[in-house]
Every structure is written in structure tokens, then in C-alpha cells.
Amino acid sequence: MASNIEFVNHVVDQLSGAGSITTKRMFGEYGLYCDGQYFAAICDNRLLLKVTDGGKALLKTPAFAPPYEGGKPMLLIEQLEDKELLAQLVKTTCAELPAPKPKKPPKKSAEKTT
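In this text, all values refer to a predicted model and were calculated from it rather than measured experimentally. Positions within a chain are numbered from 1, following the residues in the order the chain's sequence is written. Side-chain atom pairs in this predicted model are given and counted only at pLDDT of 80 or more, local residue features only at pLDDT of at least 70, and totals for whole chains, interfaces and linings cover all residues. Each side-chain value is worked out from all heavy atoms of the structure, with water and hydrogens disregarded.

**Brief notes about the overall build of the chain**
Stated precisely, the cut-off is as follows: In DSSP terms, a helix is any run of H or I states spanning at least four residues, a strand is any run of E spanning at least two, and both are numbered starting from the N terminus. Note on method: radius of gyration uses C-alpha positions; expected globular size equals 2.2 Å times residues raised to 0.38. Residue burial is assigned from relative accessible area. The probe radius is 1.4 Å, only protein chains are included, and a residue is buried under 20% of its type maximum, exposed over 50%, and partly exposed in between. Here, residues are in contact when the closest pair of their heavy atoms is within 4.5 Å. For the accessible areas, the method is Shrake-Rupley and the probe is 1.4 Å, while residue cover comes only from the protein chains on display. None of His or the chain ends enter the tally, which takes Lys and Arg as positive and Asp and Glu as negative. Taken as the charge centre is NZ of Lys, CZ of Arg, CG of Asp or CD of Glu, depending on the residue.
Secondary structure assignment for the chain yields 3 helices and 6 strands. Its C-alpha radius of gyration of 17 Å places the chain more than 25% over the 13 Å reference for a compact globule of 114 residues. Reported as C-alpha extents along the three principal axes, the dimensions of the chain are approximately 70 × 30 × 30 Å. Every one of the 114 residues in the chain was classed for burial, and the buried ones make up 38%. Considering only residue pairs separated by 6 or more positions, the chain has 50% of its internal contacts joining residues 24 or more positions apart. Counting only carbon and sulfur atoms, one obtains 55% of the accessible surface of the chain, whose full area is about 7800 Å². Computing the positive centroid from 15 side-chain charges and the negative centroid from 13, the chain places the two 13 Å apart.

**Regarding the nonpolar core**
Spelled out, the test is: Grouping buried Ala, Val, Leu, Ile, Met, Phe, Trp, Tyr and Cys residues that are joined through side-chain atoms within 4.5 Å yields what is termed a nonpolar core.
Among the nonpolar cores identified, the biggest contains 24 residues, and L32, F39, L47 and I77 are the most heavily contacted of them. If one sorts the elements of this core by residue count, helix α3 (residues 83–96) sits on top with 5 residues. In this structure L47 touches F7, V11, L32, A40, A41, I42, L75, L76, I77 and L80, once residues within four positions along its chain are discounted. Counting residues in hydrophobic clusters, the runner-up holds 6 residues, among them L48, A65, M74 and L76.

**Topic: α3**
Threshold: By definition here, a helix of n residues has an expected span of 1.5 Å times n minus one.
Relative to the 20 Å expected for 14 residues at 1.5 Å per residue, α3 spans 20 Å between its end C-alpha atoms, a close match to the ideal helical length. The set of residues buried in α3 consists of L86, A87, L89, V90, T92, T93 and C94. Where α3 is buried, its residues touch α1 (5–15), β2 (29–34), β3 (37–43), β4 (46–49), α2 (53–58) and β6 (74–77).

**Re the environment of D44**
Along the chain, the position of D44 falls in the loop between β3 and β4. Between the C-alpha atoms of D44 and P100, which are 56 residues apart in sequence, the distance is 26 Å.

**Focus: the pairing of β3**
Taken residue by residue, a regular strand's side chains alternate between the two faces of the sheet. What counts, and what does not: Between any two strands, pairing holds if DSSP finds at least two bridges.
Of all the 7 residues making up β3, 6 are buried; the element is thus mostly covered by neighbouring parts of the structure. In the sheet, β2 pairs with β3 via 5 bridges, with the strands oriented antiparallel. Residue pairing across strands places C34 opposite Q37, the latter belonging to β3. In this structure, the hairpin formed by β2 and β3 is closed by a connection of 2 residues, where D35 is found at a positive phi of approximately 50°.

**Quick notes on the sheet that holds strand β5 (residues 63–65)**
Pairing between the strands of a sheet is mediated by backbone hydrogen bonds and can be parallel or antiparallel. Worth spelling out the cut-off: Fitting a line to C-alpha atoms yields each axis, with helices limited to the stretch in contact; the angle taken between N-to-C directions then spans 0 to 180 degrees.
Read across the sheet, 6 strands follow the order β1-β2-β3-β4-β6-β5 without closing on themselves; strand pairing throughout is antiparallel. Of all strands in the sheet, those with a lone pairing partner are β1 (21–26) and β5, marking the two edges. Strand-to-strand, the axes of this sheet are offset by a mean angle of 40°, without reference to chain direction. Summarising the sheet, β1 and β2 pair through 6 bridges and their orientation is antiparallel.

**A word on the side chain of E29**
Inclusion rule: Think of a salt bridge as a Lys or Arg side-chain nitrogen and an Asp or Glu carboxyl oxygen that are within 4 Å of each other. We call two N or O atoms a polar contact when they sit within 3.5 Å, provided that within protein one can donate a hydrogen and the other can accept it, with sequence-adjacent residues counted only if both atoms are side-chain atoms.
You can see E29 is positioned in strand β2. Buried and unpaired, E29 has no salt bridge, with R25 as the nearest side chain of opposite charge at 6.0 Å. A polar contact of 2.7 Å, which involves the side chain of E29, links it to the side chain of S3.

Written out as C-alpha cells, the structure reads:
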């Protein structure tokens, strides 16, 4: 079941205290980025964060779920009402993740000579 846009917009609003939250369609679901860094996914109307030690520590009893069958388990965030906790969770998670790789500039095509 694909996630609906209303749920995605609600999650983005709830996470807004962490920084600039953007989404990108990925395989029929959504990837979440904070200030350009991928940190979570929304799959089947569930918020799933990358697993970090800090993220696990902030949650009293962390739950895990794969984003899709056979996928690597991620932190399942079921409580979406505490905006302060969610912002801290995103900031902590992103701080532990490796920095995004810089994008390579597009290759220039060779000019034809006649």
C-alpha cells in the first residue's frame, strides 16, 4: 500500500523543527531529507528513520520495522505528536550519519567539429 500525500505532509509538518525537511518520491514511497541529508523514509504510511545509537537512546522502547519486505530494519516512529522529540530525534540521527556525498558536476559533451 502506497503512502498518501496527506500523511506525508503531516509528517513533514511535525518534523519541521529539525530544519528544512524535503521529500523525494522513491519506488512509489517517499524519502525524507533534512537540510539535504537523507535520514528517513515514509512507507505504507509509516515513518521509518535510519538506525543510530543516538536515535535508539532517545526512544524509551525503540521499535524496528523494514521499509519493505526483505529490507534492512529501521526505527519505526509511531508517536508523531511530540514535535520537540521528533525534531531532536531527526537532529540526533542526522548528526550521526555520514555527510552526504557531494554531487558530481555533469560531464560536458564533446563538441563536434566539422
